[in-house]
Amino acid sequence: MCGIVGYIGQEQAAPILLEGLSRLEYRGYDSAGVAVFDQAAGTLAVRKAKGRLQVLSDQLHGGADLNSTAGVGHTRWATHGAPSDVNSHPQVSRSGRIAVVHNGIIENYAALKTFLLDQGVPFTSETDTEVVAQLIEYFYEGDILSAVGRALRRIQGAYALGILCADFPDQIIAARKDSPLILGHGEGCSFLASDVTAILRHTRRVTYMEDGDLAVLTREGITCCNSLMQPVRRKVVQVDWEVDAAEKGGYEHFMFKEIMEQPEALRRCLSPRISKGEIIFEDMALSKDFLRRMSRIYIVACGSSYHVGMVGKYHLERLTRRPVEVALGSEFRYMDPIVDQHTLVIVISQSGETLDTMAALRQARQLGGHILSIVNVVGSSIARESDQVLYTWAGPEIAVATTKAYTTQLALLSLLALWLARELGTVSQEEYRAALAAFQELPGKLEQVLARRDDIQYFASKYFNHNSIFFIGRNLDYALGLEGSLKLKEISYIHSEAYASGELKHGTISLIEEGTLVVALGAYSRLFPKVMSNVLEVKSRGAGVLALTTQTHQEEMARIADAVMTIPEIHELLLPCLGVVPLQLFAYYVALMRGCDIDKPRNLAKSVTVE
Ligand code: F6R
């Protein structure tokens, strides 16, 4: 989704803006632009270009062409109007004196545009953002903050905004509602960004803007007010992510780096939470009383985080004997969910900003549910609106396709399932001990899987030319297949579907023909014989089978399958955490061989802040 960076300070702004935008490239975009104050001329200088940020950077000679110490930059992910120079941000008002960068969607932009057109305001782009710039100018009578406030009161929808006005060269205005925006506090300078990674090189002191907030950034500092224009104080927090955690560090792709970081990320996520044979969740707000009355659990998430929820359902139901529903964020709010004060709602999100998930959280909260979120980005919107947050501590994830966030979410949700079972008295002492030991073995076992990545690369070289690939499995393996299939299709563009293998005979098997590739997942020992029957079923119809199983079943599987990927034995609670790794590597190597843009797959964005 769109990325915003703003800077006001003593140094040249354009190079800082371009560098900041390059750190937001991972979010997905199709054009870029910057606007700075041209102090000598008393005007705004705006430069935009369709395509990669490099195109803009080359045009501006790395920013050297723009002489100014304050400005805003933007990478656009098209929603209203095709990617083009004219639709790129910043969008300017008719006089050119107000420039706006925007992330989000203005829902009533058509009505506002009609109103402004009726007033004789000409438009040059198809964007909803131009409406914001024109509307601010419409209300502008010399006080820019008040004009922004009046415009925002008429705007419906989601926005993170960075605004420049040529008459106020010593300030940038920021505003947010339902789209992420952070403020950075530096020495003699201030920053604005969609995401901390854009400004981490300059400052670690940040403020997360709240919904409805407006901020005025100057070289001396930042002041905030709420939607009623009353001054408010917002917390300054220290971000402890390492600067180089958001860099490739010698790897060709962020995705590969993040796959390789998984053992470390899991150690960070799990070690502080397991001590002396017990699970420790600091500040756990789920009281014994709530747990005793807890009648159901809802898991709400999107994409890969939803797949984590699919695995979680199996674990939670088996361990806690409570009914568990898993819902997509985008469906939850339209399905009249049955949530009350006895419902635990587990919200899963890497970014903590996914709009559909956020909307579901708010609805669940209104219905009285107790919200526990599993989030990676500290201080993100979902984290802030939850009753309780469990952070995954995976570090910044830059590649669009999630890997280390998925495994840490999964490990944490599994740990939570075990903790709940312990609290509810629904797990035996033996299983509790065995499972807990497995959590401690997980990072080491994951290292063993990574060490054998050459095998996976070989399989990828055998199969990368297929046009359609099916993933089959049962229970935990089915949930794992959903993620394996998503990983493959999103970065390699190969058509792929995941099916519960028992479902094949109810329709899908008609698609299996000579040469079709089926990835058969048989890691879950309890159901291994069942998956074997399905492997025979597809083999006898001509399919090629690439299987995944544990070392115990490797030989048996190899008798039928064409190729076998193996993982070490581990407690079933953690099987999917290990099993997903060969599937991530398979997707990665296949995409590499097909020459795809792995870290920034087409049409996709990292943080999906629109509905
Ligand atoms: C796929 C992927 C997406 C995200 C989804 C939710 O690799 O990364 O499917 O899982 O957009 O994002 P979060 O977890 O940030 O809410």
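What counts, and where the lines are drawn
Residues numbered from 1 in each chain as written. Predicted model: local features only at pLDDT ≥ 70, side-chain atom pairs only at ≥ 80, totals over all residues. Heavy atoms only, no water. Helix = DSSP H or I, 4+ residues; strand = E, 2+ residues; numbered from the N terminus. Rg over C-alpha atoms; globule rule 2.2 N^0.38 Å. Buried < 20%, exposed > 50% of the residue type's maximum accessible area, 1.4 Å probe, protein only. Contact = heavy atoms within 4.5 Å. Areas by Shrake-Rupley, 256 points an atom, 1.4 Å probe, with all protein chains shown as cover. Lys, Arg positive; Asp, Glu negative; His and termini not counted. Charge placed at Lys NZ, Arg CZ, Asp CG, Glu CD. Pairing = 2+ DSSP bridges. Axes fitted to C-alpha atoms, helices over the stretch in contact; angles between N-to-C directions. Near = heavy atom within 4 Å. Polar contact = N/O pair within 3.5 Å; in protein donor to acceptor, adjacent residues only side chain to side chain. Salt bridge = Lys/Arg side-chain N within 4 Å of Asp/Glu carboxyl O. Domains from an automatic or database assignment. Parallel < 35°, antiparallel > 145°, perpendicular 65-115°, else oblique. Left-handed = near helix turned anticlockwise from the far one by under 90°. Core = buried A, V, L, I, M, F, W, Y, C linked by side-chain atoms within 4.5 Å. Expected span 1.5 Å × (residues − 1). Phe/Tyr/Trp six-rings, centres within 6.5 Å; stacked < 30°, edge-to-face > 60°. Lys NZ or Arg CZ within 6 Å of the ring centre and 35° of its normal.

**A word on the overall build of the protein chain**
Inference 1: Looking only at helices and strands, the protein chain has 19 helices and 27 strands in total.
Inference 2: Rg of the C-alpha trace for the protein chain: 25 Å, near the compact-globule value of 25 Å for 611 residues, within the 12% margin.
Inference 3: With the C-alpha coordinates aligned to their principal axes, the bounding extent of the protein chain is approximately 75 × 55 × 45 Å.
Inference 4: Sorting the 611 residues of the protein chain into buried and exposed places 61% on the buried side.
Inference 5: Relative to all contacts within the protein chain whose residues are 6 or more apart in sequence, the contacts with residues 24 or more apart total 73%.
Inference 6: Accessible surface for the protein chain amounts to roughly 22600 Å². Of this, 48% is attributable to carbon and sulfur atoms.
Inference 7: When the 60 positive and 70 negative side-chain charges of the protein chain are each reduced to one mean point, those points stand 3 Å apart.

**Here we look at the sheet that holds strand S20 (residues 343-349)**
Remark on secondary structure: sheet strands pair via backbone hydrogen bonds, oriented parallel or antiparallel.
Inference 1: Across the sheet, which stays open at both edges, the 5 strands sit in the order S19-S18-S20-S21-S22 with parallel pairing between neighbours. Looking at strand neighbours, the two that pair on one side only are strand S19 (324-328) and strand S22 (388-391), the edges of this open sheet. Looking at each pair of strands side by side, their axes are set apart by 20° on average, direction ignored.
Inference 2: Relative to S19, strand S18 (residues 296-301) runs parallel, the two sharing 5 bridges. Paired with Val300 across the strands is Ala327, a residue of S19.

**Digging into the site of the ligand**
Inference 1: As a structural note, the neighbourhood of the ligand is formed by 14 residues, with Ser305, Ser349, Ser351, Thr354 and Glu490 the closest of them.
Inference 2: Contact between the ligand and Thr402: an oxygen atom at 3.0 Å from a main-chain N or O atom of the residue.
Inference 3: Within the side chain of Lys487, a nitrogen or oxygen atom sits 2.9 Å from an oxygen atom of the ligand.
Inference 4: Burial of the ligand by the protein amounts to 89% of the accessible area it has alone, namely 410 Å².
Inference 5: Those elements that place two or more of their residues in the shell around the ligand are helix H9 (303-320) and helix H16 (476-492).

**Description of the pairing of strand S6 (residues 98-106)**
Inference 1: Burial analysis of S6 places 8 of its 9 residues in the buried class, the great majority of the element.
Inference 2: As paired strands, strand S5 (residues 91-92) and S6 are joined by 2 bridges and run antiparallel to one another. Residue Val92 lies in a different strand from S6, and its bridge partner there is Ala99.
Inference 3: Where S6 meets strand S7 (residues 157-165), 9 bridges bridge the pair, whose relative direction is antiparallel. Note on S7: the bridge partner recorded for His102 is Leu161.

**Quick look at the side chain of Glu137**
Inference 1: Summarising the element assignment, Glu137 is placed in helix H4 (residues 129-139).
Inference 2: Among buried charged residues, Glu137 stands out as having no salt bridge; its nearest opposite-charge side chain is Arg94, 5.0 Å away.
Inference 3: Here Ser93 takes part through its side chain, which lies 2.5 Å from a polar atom of the side chain of Glu137.

**Side note on the domain arrangement of the protein chain**
Inference 1: As far as domains go, the protein chain holds domain 1 (3-240), domain 2 (254-448) and domain 3 (452-593).
Inference 2: Computed from C-alpha atoms alone, the centre-to-centre distance between domain 1 and domain 3 is 46 Å.

**Quick look at the pattern of salt bridges**
Inference 1: Under the criterion given, the structure shown has 32 salt bridges.
Inference 2: Note that Lys313 and Glu317 form a salt bridge whose closest N and O atoms lie 3.2 Å from each other. Separated by 4 residues within a single helix, Lys313 and Glu317 lie in helix H9, roughly one turn from each other.
Inference 3: On the basis of relative accessible area, Lys313 is assigned to the partly exposed category, the value being 27%.
Inference 4: The class of Glu317 is partly exposed, set by a relative accessible area of 25%.
Inference 5: A salt bridge links Arg365 to Asp387, with the nearest nitrogen and oxygen atoms 3.0 Å apart. Taken as a pair, Arg365 in helix H11 (residues 355-366) and Asp387 in the loop between helix H12 (381-384) and S22 lie far apart in primary sequence, 22 residues in all.
Inference 6: The structure contains a network of salt bridges with shared partners spanning Arg176, Lys177, Asp178, Asp211, Arg362 and Glu385.

**As for the packing of helix H3 (residues 109-118) against H4**
Axis angle and axis distance: for two packed helices, these are the angle between their axes and the distance between the axes, and together they describe the pair.
Inference 1: Where H3 meets H4, the closest approach of the two axes is 10 Å, and the angle between their N-to-C directions is 45°. Of the possible angle classes, the one that applies to H3 and H4 is oblique. Relative to H4, H3 is oriented so that their crossing is left-handed. Here H3 contributes Tyr109, Leu112, Lys113, Phe115 and Leu116 to the contact with H4, which in turn contributes Val131, Gln134, Leu135 and Tyr138.

**Details of the nonpolar core**
Inference 1: Core analysis: the biggest nonpolar cluster contains 133 residues, and Ile346, Leu416 and Leu418 have the highest contact counts within it.
Inference 2: Ranked by the residues each element gives to this core, the list is headed by helix H19 (residues 575-593), at 13 residues.
Inference 3: In this structure, Ile346 is in contact with Ile297, Tyr298, Ile299, Val300, Leu316, Leu372, Ile374, Leu413 and Leu416, ignoring residues within four places of it in sequence.
Inference 4: Core analysis: the second largest hydrophobic core is formed by 27 residues, Val148, Ala151, Cys165 and Leu214 among them.

**Here's the deal with the sheet that holds strand S15 (residues 237-238)**
Inference 1: In spatial order, the strands read S3-S2-S4-S1-S10-S9-S11-S15; together these 8 strands make up an open sheet with antiparallel pairing. The strands lining the two open edges of the sheet, one partner per strand, are strand S3 (43-50) and S15.
Inference 2: Looking at chain direction, strand S2 (residues 31-38) and strand S4 (residues 70-76) are connected through 6 bridges and run antiparallel. Bridge assignment links Gly33 to a residue of S4, and that residue is His74.
Inference 3: Seen against the sheet, helix H1 (residues 13-24) touches strand S1 (3-8), S2, S4 and strand S10 (190-193) and runs at an angle of roughly 155° to S1.

**Section: helix H13 (residues 404-424)**
Residue pairs spaced three or four apart in an α-helix point in one direction, given the helix's 3.6 residues per turn.
Inference 1: Here H13 contains 21 residues, and its C-alpha end-to-end distance of 30 Å stays within 8% of the 30 Å for a straight helix at 1.5 Å per residue.
Inference 2: When you tally the buried positions in H13, you get 18 out of 21 residues, the bulk of the element.
Inference 3: Gly425 occupies a position one or two residues after H13 and carries a positive phi of about 75°.

**Let's talk about the packing of aromatic side chains**
Inference 1: If you walk through the whole model with that rule in mind, you get 11 aromatic pairs.
Inference 2: For the ring pair Tyr7 and Phe191, a centre distance of 5.3 Å and an interplane angle of 45° mean the geometry is tilted. With a gap of 184 residues between them, Tyr7 in strand S1 and Phe191 in strand S10 connect regions that are remote in the sequence.
Inference 3: Given a relative accessible area of 2%, Phe191 falls into the buried group.
Inference 4: For the ring pair Phe470 and Tyr499, a centre distance of 6.3 Å and an interplane angle of 35° mean the geometry is tilted. Placement of the pair is Phe470 in strand S23 (residues 468-473) and Tyr499 in strand S24 (residues 495-500), with a sequence separation of 29 residues.
Inference 5: Counting every residue linked through ring pairs, the aromatic cluster contains Tyr251, Phe256, Tyr588 and Tyr589.
Inference 6: If you follow Arg273 out to its NZ or CZ, it ends over the ring of Trp393, 3.9 Å from the centre.

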